[in-house]
Every structure is written in structure tokens, then in C-alpha cells.
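Here's the letter readout for the chains.
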Amino acid sequence: MRDSGLNIGISGLGRLGKRHARNLAFKVSGAKIAAACSIVPEELEWARKELGVERLYSDYDAMLDSGGLDAAFLVSSSSVHASQAIKALGCGLHVFTEKPMGVSLAECLEVERASSARPDRVFLVGFVRRFDPSYARAKELIDGGAIGEPFLVRSQTADLDEYAPFQVAFVPSSGGIFLDMNVHDVDLARWFLGAEAESVHAMGGSFVHGEFESVGDADNTVAIIRFAGGKMAVVSASRTAFHGHDTHTEITGSKGIIKIGMTPASSRVELFDSLGARVECVKDFYERFSDAFLAEAQEFVDCVLQGRRPSISAQDGTKATEVGYALTKSFREKRPIDLA
Ligand code: NAI
């Protein structure tokens, strides 16, 4: 570690990578972007101009091999998270990786092994919703017994229809709708229920954009997950929302219910006019979770600087991918799947 803070090498400067990079460069205390990597030349140019980063790489291994880094911050395509995390841990770096940790169970288990081999290195999977104040408060209430024993989670992730063309192109590297979107809902269900999934039954279709079917994916899905002890979750995803980015979650317990973000309002303003009563909605995931993205990056840096272990482990990353993968298999094979 240098006096100027944690020297971070960021991998991936796309839709989300640029936002993380801005946070790390200008808002996260104790952080410094020492190097950046992307396979898109214009993005490297952006990092030079906008962030003043001088060490720029189109090859991730070359960035790590050139040394001088304390941490790798992975916002690259999901299909390369696992290999990049393993390489960074092998080089003795602390690692933050965006979700999903990997796109197959086998590669997640390899990441887990690499992380356990370096217990002195911080490893954090970016399940950003856990850092959102409303989700964090819900967890605090549940742990304090506010709704008794939680037994049912219903959680939805929906993106605006206008982003569907981008999402079609994204499928080959994202692992598909369950691993890309529902992996968040699966992580929340595990977190809130305090139990592991035992079986899943997923279904879905390309109801609006036939292109998803041609890449083996769907634009709308729903799935039932049975957890240990008979606990349940219903997770759904949509890529065809017209009102905004609509992430919401409901947890039912033996003594009450908690609802989080049921209306994705962008402010507290309500408009009452001849058309009725309306609220404006958040447009995308970043507008909804911008505070949480900053908080998770700060937590990663603080864990390193203070020698703390983060609350999310590599095992959490594996479990969420395992369920996401089973959901994909269940959807494609049109049958329920038991987890081992
Ligand atoms: P994107 O497609 O806009 O950007 C991908 C970036 O990865 C590009 O900069 C590309 O150059 C880089 N990349 C790909 N292969 C690489 C390689 N081998 N070495 C170095 N760089 C490489 O994708 P987007 O939307 O920015 O997503 C990136 C990651 O962030 C994904 O894993 C996605 O699941 C995750 N994400 C998480 C969200 C959340 O809510 N936590 C929301 C959006 C994305």
C-alpha cells in the first residue's frame, strides 16, 4: 500500500465500469486508480482524459504483470470475472468483483479455492443491493425479529424495454437473464431467509423481443425456489418494463411483512391531474442504486485499509451462481431442478 492510498487496477470501463471508475477516482476515500484495462480502445482513452489514468492496458494479464497494484477491481464482462479474480489473487492482490462471481459452478469453486488460499486478501463480490440503505434496514429489522421467522421472499428485477437491444448483445457474455438479473434476487433471498436453495423451477419466454429466444434467453421470466426447511422464494425478471427500472422485494415472516421499493419512484413528488395520480420512476439500475455502488466500493477499500473481512464471501458468490445456473437449466429444459 502506498501513502497516497490503495493502488487499484480496474478491469472493464463499460456501462458500469465508468461509473465505478469515477467513484474510485473522485469519491471513495483511500482509493486511487493506478491502472485501467479494457478491450475497447475508446474506453481507455476515456480513462486517460476523464480520470487522468496513465497506465492503460488492453490486456488484463499485462496490467497485473507490470506490478505496482494493491487491488484489482473487476467490472469486466461476467464471463471473465472468475479467471481475472483467480489471476489477481494469485498475484497477491485484494479483489472486488462485480456480480456474478462466475458463470458456472466449476469456475466459482475455483475462485473460492483461490480466495481461501489467500485469507489475508480481501475478496468482495458486488451484490450491490446489500449496500442499499433500504435493503440494509430490512435485513436489520429481520435480524431483530421484527417480522418473526421469515419464510417467503418475492423479488423482482425489471429493466426498461428501451435497453432490450443492448441486452440481446449482452447475453453471450452475461450468462443470460437468470445469472445477470435474478442473481441479485437469489442473493437477497438467501440473505433474508438465512437458508440455502434446494430446488428450482423456472419458466419464461420472449414475449416482446423474439431476438432473446434466438440466443437461448427470455425477456420475461418467473421462478419458484424451495429453500431448506420449506422456505420459499418467487423471483421474476423483465426486460420489457415501460415505466422504469423496477426492483422490488417483499419478505413475509411469521409476524409481519417487509416491502422494499414497491413503487420505483425517483422522488416523493406525486402528480395529480386529469389523468389521475402519477409518480415519476427511476430509469435505470444506476439511478436506483448509485448510493449503494459508492458504499460497496468504499466498504471494499475500508476492509483493505482496516484489515477487516467483508460481510459477503466468495461462498456467497458461488451459491448465487449455482442457483442462477440451475434456474437457467430449469428454464431451458422446462423442468424443475434439484440442487445437489
Ligand atoms: P459492458 O459490456 O458495458 O462493459 C464490459 C467491459 O468489460 C468493457 O469495458 C470491456 O472492455 C471489458 N472487458 C471485456 N472482456 C475483457 C477482458 N478480457 N479484459 C478486460 N476487460 C474486458 O458491461 P457492463 O454493463 O458495464 O457490465 C460489466 C459487469 O458489471 C458485468 O459483469 C455485469 O454483470 C455487472 N453489472 C452489475 C450491475 C449491478 O447491478 N451490480 C449492473 C450492471 C452491470
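Everything quoted here is computed from the prediction, not taken from an experiment. (Residues numbered from 1 in each chain as written. Predicted model: local features only at pLDDT ≥ 70, side-chain atom pairs only at ≥ 80, totals over all residues. Heavy atoms only, no water.)

## A look at helix α10 (residues 285-306)
Working step 1: Here α10 spans 30 Å end to end across 22 residues, near enough to the 32 Å set by a 1.5 Å rise per residue.
Working step 2: The axis of α10 is deflected most strongly, by about 45 degrees, at Asp291.
Working step 3: With a side-chain oxygen lying 3.1 Å from the backbone nitrogen of Tyr286, the N-terminal cap of α10 falls on Asp284.
Working step 4: One or two residues past the end of α10 sits Gly307, with phi positive at roughly 65 degrees. (Helix = DSSP H or I, 4+ residues; strand = E, 2+ residues; numbered from the N terminus. Expected span 1.5 Å × (residues − 1). Bend = angle between axes of the 7 residues up to and from the residue. Polar contact = N/O pair within 3.5 Å; in protein donor to acceptor, adjacent residues only side chain to side chain.)

## As for the domain arrangement of the protein
Working step 1: Taken as a whole, the protein is organised into domain 1 (6-128 + 292-312) and domain 2 (130-284 + 320-338).
Working step 2: The C-alpha centroid of domain 2 is placed 26 Å from the C-alpha centroid of domain 1.
Working step 3: On the domain 1 side of the interface with domain 2, the three residues burying the most area are Arg15, Lys99 and Phe127, jointly 34% of the side's total.
Working step 4: At the junction of domain 1 and domain 2, the tally comes to 2 salt bridges.
Working step 5: Notably, a salt bridge pairs Asp180 with Lys99, separated by 3.1 Å at the nearest N-O pair. (Domains from an automatic or database assignment. Buried area = accessible area lost by both parts, 1.4 Å probe. Salt bridge = Lys/Arg side-chain N within 4 Å of Asp/Glu carboxyl O.)

## Here's the deal with the side chain of Gln84
Working step 1: You can see Gln84 is positioned in helix α4 (residues 81-90).
Working step 2: In contact with Gln84, other than residues within four places in its own chain, are Ser11, Tyr60, Leu74 and Ser76. (Contact = heavy atoms within 4.5 Å.)

## Let's talk about the pairing of strand β5 (residues 94-98)
Working step 1: Extensive coverage of β5 is indicated by the burial of 5 of its 5 residues.
Working step 2: Residues His94, Phe96 and Glu98 line one face of β5 and the alternating positions Val95 and Thr97 line the opposite face, and both faces are buried.
Working step 3: Pairing of strand β4 (residues 71-74) with β5 involves 4 bridges; the strand directions are parallel. Note on β5: the bridge partner recorded for Ala72 is Val95.
Working step 4: Crossover connection from β4 via α4 to parallel β5: handedness right-handed.
Working step 5: Taken together, β5, helix α5 (residues 105-117) and strand β6 (residues 123-126) constitute a β-α-β crossover, and its handedness is right-handed. (Buried < 20%, exposed > 50% of the residue type's maximum accessible area, 1.4 Å probe, protein only. Pairing = 2+ DSSP bridges. Right-handed = clockwise from strand over helix to strand, strands pointing away.)

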